[in-house]
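Now for the letters of each chain:
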Amino acid sequence: AAAAGGERRGGAGQRRGGGGGGRAKADLSALSGYDSKTVLKGEVVSVLDFGAFVSIQMGSDGGAPIDGLVHISQLQEGRTESVAEGVSVGDK
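The model shown is predicted, which means the values in this text are computed figures rather than measured ones. (Residues numbered from 1 in each chain as written. Predicted model: local features only at pLDDT ≥ 70, side-chain atom pairs only at ≥ 80, totals over all residues. Heavy atoms only, no water.)

### Points about the overall build of the protein
For the protein, the helix and strand inventory stands at 0 helices and 3 strands. Each helix and strand of the protein, placed in order from N terminus to C terminus, yields the pattern β-β-β. Out of the 92 residues belonging to the protein, those deemed buried represent 26%. Once local pairs closer than 6 in sequence are excluded, the contacts in the protein between residues at least 24 apart make up 50%. (Helix = DSSP H or I, 4+ residues; strand = E, 2+ residues; numbered from the N terminus. Buried < 20%, exposed > 50% of the residue type's maximum accessible area, 1.4 Å probe, protein only. Contact = heavy atoms within 4.5 Å.)

Pasting the structure below:
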């Protein structure tokens, strides 16, 4: 699976960390060396009607993962009626 940066999320669309009120801003500096056509490997952590959240481990130094949304239209070639047709939680 592949993803570009986005807000960090956990299962069922809940934000991870960043307690308190307001909306947490994601630190996307780890993605600064990539363009929109770069394919990154990750693991599907959540599946929703409109796409899947994928956790991407950046670098080999064990840094914090970045979770990003892969929209349903980007999951496979052709029309996809359901995200579950293309991916499942745990897919890499």
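### Points about the confidence of the model for the protein
Of all residues in the protein, 64% have pLDDT values of 70 or greater, and the mean over the chain is 73. Element-level mean pLDDT values for the protein span from 86 in strand β3 (residues 66-71) up to 92 in strand β1 (residues 43-48). pLDDT under 50 marks residues 5-19. Its contacts with residues more than four places away, or in other chains, come to 36 contacts. (pLDDT = per-residue confidence, 0-100.)

### A word on the pairing of strand β2 (residues 51-56)
Sheet faces and side chains relate simply in a regular strand, where the side chains alternate between the two faces. With 6 of its 6 residues buried, β2 lies for the most part within the structure. The alternating pattern of β2 places Gly-51, Phe-53 and Ser-55 and Ala-52, Val-54 and Ile-56 on opposite faces, both of which are buried. Summarising the sheet, β1 and β2 pair through 5 bridges and their orientation is antiparallel. If you follow Val-44 over to β2, its bridge partner there is Val-54. Adjacent in sequence and paired antiparallel, β1 and β2 are bridged by 2 residues. (Pairing = 2+ DSSP bridges.)

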